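# Architecture at a glance
What follows is each chain in one-letter form.
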Amino acid sequence: MQVRVRFAPSPTGLLHIGNAHTALFNWLFARQHGGRVILRAEDTDVQRSQLGYEKDICEDLRWLGLDWDEGLELGGEFGPYRQSLRQAFYEEALKKLRQGGYVYPCYCSVEELEAERQANLAQGKPPRYSGRCRNLSEREIAAFEAQGRKPAWRFRVPEGQIAFRDLLRGEFAFQGAELGDFLVVRPTGVPTYNFAVVVDDIQMRISHVIRADEHLSNTPRQVLLYRALDAQTPQFAHVAMLLGPDRQKLSKRHGAVSVAEYRAQGYLPEALLNYLALLGWTPKGQEMLSKEELIEQFDLTHVGFSPAVFDQEKLRWLNGQYLRRADDARLTALAAPYLVSTGLLPEDEVAWPSEAWLQKLVGLLKHNIITLSQLPLWAQPFLSEPKYEDKKIVKILQEADSQQVFKAFSAALAGTSQLSSQKAGDMLHSLPEQLALGTGKVFRPLRAALTGQGKGPELAEIVALLGPEKCLERVEKFRR
RNA sequence: GGCCCUAUCGUCUAGCGGUUUAGGACACCGCCCUCUCACGGCGGCGGCAGGGGUUCGAAUCCCCUUAGGGCUACCA
């Protein structure tokens, strides 16, 4: 049997980290089984769904490196892949349910239902549908129709056991009596989630439904639908959902929860992807894994089912690791927007320093940062004049010993046109002995004069990158 | 309220009845490297939610309690 998985986000917002997590697990599973990934938009919530979000979600998935074989933007054999375009399928399925006597028309209004629900809740009774319309006579139906009421369609849930198997967690058995008759089609003719998913998954030949834990309780309803539609159920696998640091469901209250936000903060897609894979699953060996290695090592059956807290710190660590290993040319391209938006680089690329120099700069500074958005802070003295605002820096510059350091440094640089970091290092390290000063006494004032900062890359690298001319200029400023 | 899921260091987790003085990663602390920060190296702190069983033996199996989460929607 061919493995066919789907990722079915609802376009009611940006791609959520939690959705990206299940998308990744689906993707990994499909890729390691030579299966296909289907991307479908679940937009049956007409009020909240927006086409724009659908585009954003596609873009974020691609950014993460999760591609798909059929679905949105690609089309395919079993389309269309947006639920609002699939009305004919739902109507056909509803017809089948009606013919089989699995559903009945319900004329209750939203207000009536909500009142009933509240009343039940207040009395400590289960807030499920009473079944008021379950056994309407022909005459009662005719009366409602005469009033111009449009019916919704409800599934007649049988009593008795509904069993299914979860690939991860084993056997489940729910009692039909506990479920209550659920809505399948709204009065507007738009299907509800449970119905649309099942119809689509059947028609799209989905073999494995890998989704978050929160859908476990919906599964018996869906199993009922599969049976009524005379279809085979797919394999279910419910993975744990993601939590915030307070162990509540991960939400906007916890800060950045969309993939787009992490991208904006300067996280690398491979870092986010790698981190997401580590939530609920652990590799045997080391944890830093490429997409290819993940495909090779990932094992759905070893995914844990206890909910996982999304830990920013570990993500940050991973991002730092990937940053340091990243190609400088690529990083420079990614970093440029941050440098432009902070005014360190002009809008117009023509006015930029050479590509080679920029790459050296980024290649050097990538060792000091955790996210790309931190780059401007370090790049500042290289792309504009140092600020010399820090009190400690000012004090170092004013120290008596600093004067002879500046003098010796200037003398050593005079007449030099270019310096490798190696040469610069040799020169710098000869100074302490020459001046009979401690290394710190020599290096600290130079670093201060050259960058206005107390920390940063190796001094030799700074000197090489700035070039003799600029170094001289900055040091001379402090000579008296 | 009912039903369901979950429970190992602060966090992610390994562990699938004996090989465990419970292993790793992040974070934290200390030391080393070093002009500083970061990286890196070494070391440390820190956990089986509680209570009952089952068993020669339990983090591992069962039950109860507790805690957290989910579903019970004309949200998905």
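Residues numbered from 1 in each chain as written. Chains lettered and ligands numbered in written order. Predicted model: local features only at pLDDT ≥ 70, side-chain atom pairs only at ≥ 80, totals over all residues. Heavy atoms only, no water.

## Topic: the overall build of chain A
Threshold: Per the convention used, a helix needs a DSSP run of H or I reaching at least four residues, while a strand needs a run of E reaching at least two, with both numbered from the N terminus. Here the radius of gyration uses the C-alpha set of atoms, whereas the globule reference equals 2.2 Å times the residue count to the power 0.38. In this scheme, a residue with accessible area under 20% of its type's maximum is buried, one over 50% is exposed, and one in between is partly exposed, where area comes from a 1.4 Å probe on protein chains only. Only heavy atoms matter for contacts: two residues are in contact if any of them lie within 4.5 Å across the pair. Only the protein chains shown count as cover for residues, with accessible areas throughout obtained via the Shrake-Rupley method and a probe of 1.4 Å. Positive residues here are Lys and Arg, negative ones are Asp and Glu, while His and the chain termini are left out of the count. Where a charge lies is defined by one atom per residue type, namely NZ (Lys), CZ (Arg), CG (Asp) and CD (Glu).
Counting secondary structure elements, chain A contains 21 helices and 12 strands. Taken over C-alpha atoms, the radius of gyration comes to 32 Å for chain A, far larger than the 23 Å a tight globule of 480 residues would show. By principal-axis analysis of the C-alpha atoms, chain A measures approximately 105 × 45 × 45 Å. Residue burial in chain A is summarised as follows: out of 480 residues, 50% are buried. Pairs at least 24 apart in sequence give 75% of the contacts found in chain A among residues at least 6 apart. When the accessible surface of chain A is summed, it comes to about 23,400 Å², and 50% of that surface belongs to carbon and sulfur atoms. Put simply, chain A has 59 plus and 59 minus side-chain charges, and the middle of one group is 3 Å from the middle of the other.

## Looking at empty space enclosed by the protein
To be explicit about the condition: Lining residues are defined by having an atom within 4 Å of a point belonging to a cavity or pocket. Those points lie on a 1 Å grid over the protein atoms alone, cavities being sets where a 1.4 Å probe fits but cannot get out and pockets being open sets with protein on both sides within 12 Å along at least five of seven lines. Grid points are joined across faces, edges and corners, and a volume is the space filled by probe spheres set on the points. Polar here means any residue outside two lists: the nonpolar Ala, Val, Leu, Ile, Met, Phe, Trp, Tyr, Cys and Pro, and the charged Asp, Glu, Lys and Arg; Gly therefore counts as polar.
Here the structure, examined in full by the defined rule, presents two cavities of 30 Å³ or more. Looking at the largest cavity, the residues that line it are Phe-7, Ala-23, Asn-26, Trp-27, Val-37, Leu-39, Leu-61, Leu-66, Asp-67 and Trp-68. Mapped onto the lining of the largest cavity, the elements with two or more residues apiece are helix H1 (17–32) and strand S2 (36–39). Grouping the amino acids of the lining of the largest cavity by side-chain chemistry returns eight nonpolar, one polar and one charged.

## Observations concerning the nonpolar core
The condition that has to hold: Remark: nonpolar core denotes a set of buried residues (Ala, Val, Leu, Ile, Met, Phe, Trp, Tyr, Cys) joined through side-chain atoms within 4.5 Å.
In terms of nonpolar packing, the biggest core is built from 144 residues, with Phe-155, Phe-195, Phe-409, Leu-428 and Leu-446 touching the most fellow members. The element best represented in this core is H1, accounting for nine residues. Sequence-distant contacts of Leu-428, defined by excluding residues within four places in its chain, comprise Phe-409, Phe-443, Leu-446, Leu-459, Ala-460 and Val-463. With seven residues, the next largest nonpolar core counts Tyr-104, Tyr-107, Tyr-129 and Cys-133 among its residues.

## Section: helix H2 (residues 51–64)
This is how it is decided: To estimate the expected span of a helix, count its residues, drop one, and scale the result by 1.5 Å.
Compared with an ideal rise of 1.5 Å per residue, which puts 14 residues at 20 Å, H2 spans 20 Å between its outermost C-alpha atoms and is within 8% of the ideal. Within the span of H2, buried status applies to Glu-54, Ile-57, Cys-58, Asp-60, Leu-61, Trp-63 and Leu-64. With its phi angle positive at about 95°, Gly-65 sits one or two positions after the end of H2.

## Thoughts on the packing of helix H10 (residues 269–277) against helix H12 (residues 312–325)
The line we're drawing: For every element, the axis is a line fit to its C-alpha atoms; helices are fit only across the contacting stretch, and the angle between N-to-C directions ranges from 0 to 180 degrees. Any angle that falls under 35 degrees is termed roughly parallel, while one over 145 is termed roughly antiparallel, one within 65 to 115 roughly perpendicular, and all others oblique. The crossing is said to be left-handed when, going from far helix to near helix, the turn is anticlockwise and less than a right angle, and right-handed when the turn is clockwise.
Relative to each other, H10 and H12 sit at 135°, their axes nearing to 9 Å. In this view, H10 runs oblique relative to H12, as classed from their interaxial angle. Read as a crossing pair, H10 and H12 show a hand that is right-handed. In this structure, H10 uses Glu-270, Ala-271, Leu-272, Asn-274 and Tyr-275 to contact H12, whose residues at the interface are Lys-314, Leu-315, Leu-318, Asn-319 and Tyr-322.

## Examining the sheet that holds strand S8 (residues 183–185)
Put simply, the test is: When DSSP finds two or more bridges between two strands, those strands count as paired.
The three strands are arranged S4-S5-S8 in an open sheet whose pairing can be described as antiparallel. Lying at the two open borders of the sheet, with one neighbouring strand each, are strand S4 (103–106) and S8. Taking each pair of neighbouring strands and ignoring which way they run, the sheet shows an average axis angle of 45°. The pairing of S4 with strand S5 (residues 152–155) spans four bridges and is classified as antiparallel. Opposite Cys-106, over in S5, you have Ala-152 as the bridge partner.

## Here's the deal with the side chain of Arg-154
Spelled out, the test is: By convention in these notes, a salt bridge is any Lys or Arg side-chain nitrogen within 4 Å of a carboxyl oxygen on Asp or Glu. Each polar contact in these results corresponds to two N or O atoms within 3.5 Å; when the atoms are within protein, one needs to be able to donate a hydrogen and the other to accept it, and residues that are neighboring in sequence are counted only if both atoms are side-chain atoms.
One can find Arg-154 in strand S5. No salt bridge is formed by the buried Arg-154; the nearest opposite charge belongs to Asp-181, separated by 6.6 Å. Engagement of the side chain of Arg-154 in a polar contact is seen with the backbone oxygen of Asp-181, the distance being 2.9 Å. Apart from residues lying up to four places away in sequence, Arg-154 is in contact with Tyr-102, Val-103, Tyr-104, Cys-106, Leu-113, Tyr-129, Asp-181, Phe-182, Leu-183 and Val-184.

## Comments concerning the protein's contact with RNA strand B
Under the convention used in this document: Proximity criterion: a residue is near a molecule or strand once any of its heavy atoms comes within 4 Å of it.
The environment of RNA strand B is made up of 65 residues, and the closest members are Thr-44, Arg-186, Gln-248, Thr-282 and Asn-368. Of all atoms in RNA strand B that approach within 4 Å of the protein, 70% are sugar or phosphate atoms. For RNA strand B, a phosphate oxygen lies 2.4 Å from a polar atom in the side chain of Thr-44. Between RNA strand B and the protein, one listed contact pairs a sugar or linking oxygen with a side-chain N or O atom of Lys-314 at 3.2 Å. For the surface near RNA strand B, the secondary-structure elements that each account for two or more residues are helix H4 (110–122), strand S7 (170–175), strand S12 (308–309), H12 and helix H19 (439–451). Of the residues belonging to the surface near RNA strand B, the class tally is 23 nonpolar, 19 polar and 23 charged.

## What to know about the layout of surface pockets
The calculated volume of the largest pocket comes to roughly 1,200 Å³. Looking at the largest pocket, it is lined by 44 residues, and the ones nearest its centre are Ser-10, Thr-12, His-16, Asn-19 and Glu-214. Those elements that place two or more of their residues in the lining of the largest pocket are strand S1 (4–7), H1, helix H7 (193–203) and strand S9 (208–212). Among the elements that line the lining of the largest pocket, the one with the most residues is H1, at five residues. Within this model, the second largest pocket holds a volume of roughly 620 Å³. As for the second largest pocket, its lining consists of 26 residues, of which Val-110, Leu-113, Tyr-129, Arg-154 and Leu-183 are closest to the centre. Secondary-structure elements contributing two or more residues to the lining of the second largest pocket are H4 and S5. For the lining of the second largest pocket, the element with the most residues is H4, which contributes five residues.

## A look at the environment of Pro-386
With respect to the helices and strands, Pro-386 occurs in the loop between helix H15 (375–383) and helix H16 (391–398). The class of Pro-386 is buried, set by a relative accessible area of 8%. When the C-alpha positions of Pro-386 and Gln-453 are compared, they lie 7.9 Å apart, and in sequence the two are 67 residues distant. Ignoring any residue separated from it by four or fewer positions in sequence, one finds Pro-386 in contact with Gln-380, Pro-381, Ala-449, Leu-450, Thr-451, Gly-452 and Arg-474.

Structural measurements only, silent on function.
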